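Topology and contacts: notes
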Amino acid sequence: MQRFEEQARTMLKQARLRVTGGRISLLAVMLRESHPLSMDDASDLCGWKGGDRATVFRNLHALTEAGLIRMVRGAGKRDVYELVKQPAHRHAHAVCTACGAVACVENESSLSSAQAPRGWRVTSQEVTVWGLCPACDRR
Ligand SMILES: [Zn+2]
Ligand SMILES: [Zn+2]
């Protein structure tokens, strides 16, 4: 965990954010887990170090504003947050319709991206694959 906390500290400084214990532990958990986390997951994994839920929520917001993490819309149940890896972190996500788990699809060359209608300027695009995660599929 030490290594991730050091990395988190550096990322906060580079983003010119105030370095607080709560932010360090939140970022460190996201670096360690390396998959999208809901606010509840992040809060649980941080434990007391992350502060109370209101603090975790505010810190997620601050980190999102700073561009260190981004929100991925979940299965209508919960949104999740993931690290923004440099330079561009654009990929599809698979969302479980049963439990709301979100996983990154790192290789999406097989997914065709939709074309915007004529006259539209695309500012962002999200591709979501819906289905059952391995755990729910086994049930
Ligand atoms: Zn599931
Ligand atoms: Zn992702």
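Above this text you will find the structure in question.
Model, not experiment: these values are computed from the prediction.

In this structure, Leu26, Leu27 and Ala42 are the most contacted members of the largest nonpolar core, which totals 23 residues. Only α1 (2–14), α2 (21–33), α3 (39–46), α4 (53–65), β3 (80–83) and β4 (92–96) provide two or more residues apiece to this core. For this core, the leading source of residues is α2, giving six residues. Here this core spans two domains, since at least three of its residues come from each of domain 1 (2–83) and domain 2 (92–138). Leave out the neighbours within four places in its chain, and Leu26 touches Ala42, Cys46, Gly50, Val56, Asn59 and Leu63.

Judged by pairing direction, the sheet is antiparallel, and its three strands sit side by side in the order β1-β3-β2 without closing on themselves. Every other strand in the sheet has two partners, leaving β1 (37–38) and β2 (69–72) as the edge strands with one partner each. Note: β2 against β3, four bridges, orientation antiparallel. The partner of Val72 across the bridge, within β3, is Val80.

Let's shift gears to unusual backbone geometry. Residues other than glycine seldom take positive phi values, yet Arg16 does so here, at roughly 60°. Phi at Ser34 takes a positive value of approximately 50°, unusual for a residue other than glycine. Along the chain, Ser34 falls in the loop between α2 and β1.

So, about α2. Compared with an ideal rise of 1.5 Å per residue, which puts 13 residues at 18 Å, α2 spans 18 Å between its outermost C-alpha atoms and is within 8% of the ideal. Contacts from the buried residues of α2 go to α1, β1, α3, α4, β2 and β3. Of the residues flanking the end of α2, it is Ser34, one or two places downstream, whose phi is positive at about 50°.

About the criteria used
- Residues numbered from 1 in each chain as written.
- Chains lettered and ligands numbered in written order.
- Predicted model: local features only at pLDDT ≥ 70, side-chain atom pairs only at ≥ 80, totals over all residues.
- Core = buried A, V, L, I, M, F, W, Y, C linked by C-beta atoms within 7 Å.
- Buried ≥ 20, exposed ≤ 12 C-beta atoms within 10 Å, placed from the backbone.
- Helix = DSSP H or I, 4+ residues; strand = E, 2+ residues; numbered from the N terminus.
- Domains from an automatic or database assignment.
- Contact = placed C-beta atoms within 7 Å.
- Pairing = 2+ DSSP bridges.
- Expected span 1.5 Å × (residues − 1).

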